[in-house]
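# A look at the structure
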Amino acid sequence: QNRGKRGRPQAWKWDEAKAALTIEAARNPEILRGGTGPIVQFINDEMRQMHFEQLPDIKDVEAYARRFSGLWSEPDLGPPRD
């Protein structure tokens, strides 16, 4: 059953991908305005380069993209006061 999955699981380089994404967002803030899609694409591209074309589970990438994109969202201040 698990014959092909022996050994330690893949240790993804999340910190490196996050650092690269932070640098990219500083250079190109548009990546933060397009929803999670551009962030997911960026992380996948970085992971492909660092892990020889392998990618982490898409659920993990999407969860991080949601957290990262929310860091720069505009706060909801509610209706204006008189």
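The structure this text deals with has already been given above.
Numbers given for residues are sequential positions, taken from 1 along each chain in its written order. Thresholds applied to this predicted model are a pLDDT of at least 70 for local features of residues and 80 or more for the giving and counting of side-chain atom pairs; totals over whole chains, interfaces and linings are not thresholded and use all residues. As a convention, hydrogens and water are excluded, and side-chain values are obtained from all of the structure's heavy atoms.

## What to know about the nonpolar core
Remark: nonpolar core denotes a set of buried residues (Ala, Val, Leu, Ile, Met, Phe, Trp, Tyr, Cys) joined through side-chain atoms within 4.5 Å. Note on classification: 1.4 Å probe, protein chains only; a residue is buried when its accessible area is under 20% of the maximum for its type, exposed when over 50%, partly exposed between these limits. Formed by 15 residues in total, the largest nonpolar core has its most connected members in Leu21, Ile31, Leu32, Ile39, Ile43 and Phe68. In this text, helices come from DSSP runs of H or I with a minimum length of four residues, and strands from runs of E with a minimum of two, each type numbered from the N-terminal end. Considering each element in turn, this core owes the most residues, five residues, to helix α2 (residues 37-50). Contacts between residues were defined by any pair of non-hydrogen atoms, one from each residue, lying within 4.5 Å. Filtering out sequence-adjacent residues up to four positions away, Phe68 remains in contact with Leu21, Thr22, Ala25, Leu32 and Ile39.

## Focus: the pattern of salt bridges
A side-chain nitrogen of Lys or Arg and a carboxyl oxygen of Asp or Glu constitute a salt bridge if their distance falls within 4 Å. Throughout the structure, instances matching the rule amount to two salt bridges. In this structure, Arg33 and Glu30 form a salt bridge, with 2.8 Å as the shortest nitrogen-oxygen distance. Taking the relative accessible area as the measure of exposure, Arg33 reaches 59% and is therefore exposed. For Arg48, the salt bridge goes to Asp45, with nearest N and O atoms at 3.3 Å. Residue Arg48 and its partner Asp45 are located together in helix α2, separated by three residues, close to a single helical turn. Judged by relative accessible area, which is 31%, Asp45 ranks as partly exposed.

## Some remarks on the side chain of Ser69
Within the fold, Ser69 resides in helix α3 (residues 58-70). Of the residues examined, Ser69 reaches a relative accessible area of 17% and is grouped as buried. Distance and chemistry together define a polar contact, namely a pair of N or O atoms within 3.5 Å, with one atom able to donate a hydrogen and the other to accept it when in protein, and with adjacent residues in sequence counting only for side-chain atoms on both sides. Within the structure, Ser69 has its side chain in polar contact with the backbone oxygen of Arg66 (distance 3.1 Å). Dropping the residues within four chain positions of it, Ser69 is found in contact with Thr36 and Ile39.

## Some words on the side chain of Glu46
Looking at the secondary structure, you find Glu46 in helix α2. With no salt bridge to any partner, buried Glu46 finds its closest opposite charge in Arg27, at an N-O distance of 8.7 Å. If we skip the residues at most four places from it in the chain, Glu46 touches Ala17 and Ala20. As used throughout, the charge tally considers Lys and Arg to be positive and Asp and Glu to be negative, leaving His and the chain termini uncounted.

## As for the packing of aromatic side chains
What counts as a ring pair is set by centres within 6.5 Å for rings of Phe, Tyr and Trp (its six-membered ring), and what kind of pair is set by the plane angle: stacked under 30 degrees, edge-to-face over 60, tilted for all other angles. Scanning all chains against the criterion turns up two aromatic pairs. Here the aromatic rings of Trp14 and Tyr64 are separated by 6.5 Å at their centres, their planes lie at 50 degrees, and the arrangement is tilted. A residue pair is termed long-range when its members are at least 10 positions apart, and Trp14 in helix α1 (residues 14-27) and Tyr64 in helix α3 qualify at 50 residues. An angle of 40 degrees between the planes, with centres 5.8 Å apart, marks the rings of Tyr64 and Phe68 as tilted.

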